[in-house]
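Geometric and topological summary
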2 protein chains.
Amino acid sequence: MNRPLALDRIRVVLSRTSHPGNIGAAARAMKTMGLSQLWLVAPESFPDPVAEARASGADDILAAAKVVGRLSDALVGTVFAAAVTARRRELSMPRRHAREAAVEIVDRCRDGEVALVFGNETNGLTNEEVGLCSLPVTIPTNPDFSSLNLGAAVQLLCYEVRMAALQPPPPDDVRPEFATHEQFEGFIAHLERAVTASGFHDPANPKRLLPRMRRMFNRIRLEKEEVAILRGMLTTFEHHKRR
Amino acid sequence: MNRPLALDRIRVVLSRTSHPGNIGAAARAMKTMGLSQLWLVAPESFPDPVAEARASGADDILAAAKVVGRLSDALVGTVFAAAVTARRRELSMPRRHAREAAVEIVDRCRDGEVALVFGNETNGLTNEEVGLCSLPVTIPTNPDFSSLNLGAAVQLLCYEVRMAALQPPPPDDVRPEFATHEQFEGFIAHLERAVTASGFHDPANPKRLLPRMRRMFNRIRLEKEEVAILRGMLTTFEHHKRR
């Protein structure tokens, strides 16, 4: 399915969030990645001006957020739910890393609504909550410090989902005009004349200078304009020499 | 190189940060992904209790943070710098998406220290700051709402870098020794002197010459030896001129 449709079908579900600032941060994170459906399960404080301040521009998402009493209420109508969790569970359900899970999440959007479920800041999700979900998902972190902020976890998952939903086009479509083979060779010949005249290069004892310069300029594809500038420079160097 | 070593060589550089809370959030984000070197360029307020509160457990990173006056000071000793930027620049330097850039960033850690550079919350990086870096990097966002929080941008880049560092490295070949930031800047300054003296460049009417040359040589990724050769050439051009 296409990108906007997939992202429109993903609910971000925050369960028992303590700090309203994190709800605002989650809304902002969602919106930067093109998600819009926010569900709040028994938030400690919502609505709250702190959430609005942190949302900075994603107030539409807060305004449309649905508040429910239990996680099962937020999962009504979904076909798939990913539980974002840091801890290994006794349940030993097979976990997935975020990147791999994102591909599956986007794929499941073809069947209907999908949920990304995040637990309380201090205690995460309960085993019962994880049990309501289809797949535990974990974000790879430093094993010595895995304390991801809730807003940051939402940001990372939404980013992975966006990346999976859209193979992004390259950021630049402006294609420079590259130099032709002859223009490149013309420049190298000009360089050789200039460094020979300046005394830097001795044709009788050439060493590796010109092959090195070829190798260096060949590492990139010189643009037409760059060749023109470089040759302009060489001409002024030659010209001054003759005075 | 192996994973922990790569992450140890990456500096997160925050330029002219307005809100100390974002510095704390960045420290926490870094630590969750196993990065530790934080550099602050002219922060509005640091140290600050708000930063410490938001770091929640990453205080060691704040305590070790280096504060400098200008971006160039934070790049001393680096071999590569990625400028995280949302805006398209007039220079139209080729940008990379974060995921692709992360592979290159981790790869460049084999040559030395590498910087991830983030600008001010409101205005981002200046063109001059981007010009000091090797590669502009962009995080794919919703085109209608690209307002990523600074801490969130740091989180995403550090995550991508960690994911790239965990991948097995490519089979190794001969690695040339690349020029450091200072060597690169020394060459650009020398080039400027030479083209000014030759009359090709008019400092009173600079046009886009030096930014274009920076952009071109940044694409090439100069090796130490190449810088030495190029400067040798410039010296003979300057010398001949004076006769």
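Structure: see above.
Now for a quick tour of the structure. Computed from a prediction, not measured in an experiment: that's the story for all the values here.

Now for the overall build of chain A. Within chain A, the regular secondary structure consists of 11 helices and seven strands. Its C-alpha radius of gyration of 29 Å places chain A more than 25% over the 18 Å reference for a compact globule of 243 residues. Once the C-alpha set of chain A is aligned to its principal axes, its extents read approximately 85 × 40 × 35 Å. Burial status across chain A gives 44% buried among its 243 residues. Long-range contacts, defined as pairs at least 24 residues apart, comprise 84% of the intrachain contacts of chain A with a sequence gap of at least 6.

This brings us to the environment of P203(B). Mapped onto the elements of the fold, P203(B) is located in the loop between α9 (181-197) and α10 (209-220). Spatially, the C-alpha atoms of P203(B) and E192(B) are 9.0 Å apart, while their sequence positions differ by 11 residues.

This part covers the sheet that holds strand β3 (residues 66-68) of chain B. All names here are of chain B. Strand order in the open sheet formed by seven strands is β3-β2-β1-β6-β4-β7-β5, and the pairing between neighbours is parallel. Each edge of the open sheet carries a strand with a single partner, namely β3 and β5 (96-97). Summarising the sheet, β5 and strand β7 (residues 135-138) pair through two bridges and their orientation is parallel. Residue H97 lies in a different strand from β7, and its bridge partner there is T138.

Our focus in this paragraph is the nonpolar core. Grouped together as the largest cluster of nonpolar side chains are 150 residues, with contacts concentrated most on V117(A), M30(B) and V117(B). Among the elements that take part in this core, helix α8 (residues 150-165) of chain A stands out by supplying 12 residues, more than any other. Ignoring sequence-local partners within four residues, the contact set of V117(A) consists of V13(A), S15(A), L71(A), A81(A), A82(A), A83(A), V84(A), L125(A), E129(A) and C133(A).

The partner chain B presents 47 residues to the 45 residues of chain A that form the contact. Mapped by element, the contributors of at least two residues to the side of chain A that touches chain B are α2 (20-32), α8, α9 (181-198), α10 (209-218) and α11 (224-242) of chain A. With eight residues, the single largest contributor to the side of chain A that touches chain B is α11(A). Its residues placed into classes, the side of chain A that touches chain B shows 21 nonpolar, 15 polar and nine charged.

For any two helices packed against each other, the geometry comes down to the angle between their axes and how far apart the axes lie. Residue and element names in this part refer to chain A. In contact at an axis separation of 8 Å, helix α6 (residues 98-108) and α8 are set at 55° when each is read in the N-to-C sense. Considering the angle they form, α6 stands oblique to α8. Seen along the crossing, α6 lies across α8 with a hand that is right-handed. Here α6 contributes A98, R99, A102, V103, I105 and V106 to the contact with α8, which in turn contributes L156, L157, E160, V161, M163, A164 and A165. Of the residues belonging to the contact of α6 with α8, the class tally is 11 nonpolar, no polar and two charged.

What follows deals with unusual backbone geometry. Cis rather than trans, the peptide bond between F46(A) and P47(A) has omega equal to -5°. You will see that A42(A), though not glycine, has its phi angle at about 45°, which is positive. By secondary structure assignment, the location of A42(A) is in the loop between β2 (37-41) and α3 (49-55). Its 16 C-beta neighbours within 10 Å are what place A42(A) among the partly exposed residues. With a phi close to 50°, K207(B) is a non-glycine residue in the positive phi region.

Attention now goes to the environment of F145(A). Tracing the backbone shows F145(A) in the loop between β7 (135-138) and α8. Sequence separation between F145(A) and A165(A) is 20 residues, and the spatial gap between their C-alpha atoms is 30 Å. The contact partners of F145(A), leaving out residues within four places of it in the chain, are K31(B), T32(B) and G57(B).

On to the sheet that holds β7(A), then. Here we have seven strands laid out as an open sheet, ordered β3-β2-β1-β6-β4-β7-β5 (chain A), and parallel in their pairing. Looking at strand neighbours, the two that pair on one side only are β3 (66-68) and β5 (96-97) of chain A, the edges of this open sheet.

This next bit is on α9(B). Residues and elements named next belong to chain B. Taking 1.5 Å of rise per residue, 17 residues should cover 24 Å, and α9 covers 24 Å from first to last C-alpha, within 8% of that figure. Within the span of α9, buried status applies to H181, F184, F187, L191, A194 and V195. The buried side chains of α9 occupy one side of the element, clustering within an arc of 155° when seen end-on. Just past α9, the residue G199 takes up positive phi, approximately 90°.

What counts, and at which threshold
- Residues numbered from 1 in each chain as written.
- Chains lettered and ligands numbered in written order.
- Predicted model: local features only at pLDDT ≥ 70, side-chain atom pairs only at ≥ 80, totals over all residues.
- Helix = DSSP H or I, 4+ residues; strand = E, 2+ residues; numbered from the N terminus.
- Rg over C-alpha atoms; globule rule 2.2 N^0.38 Å.
- Buried ≥ 20, exposed ≤ 12 C-beta atoms within 10 Å, placed from the backbone.
- Contact = placed C-beta atoms within 7 Å.
- Pairing = 2+ DSSP bridges.
- Core = buried A, V, L, I, M, F, W, Y, C linked by C-beta atoms within 7 Å.
- Nonpolar A, V, L, I, M, F, W, Y, C, P; charged D, E, K, R; others polar.
- Axes fitted to C-alpha atoms, helices over the stretch in contact; angles between N-to-C directions.
- Parallel < 35°, antiparallel > 145°, perpendicular 65-115°, else oblique.
- Left-handed = near helix turned anticlockwise from the far one by under 90°.
- Expected span 1.5 Å × (residues − 1).
- Arc of directions from axis to C-beta.

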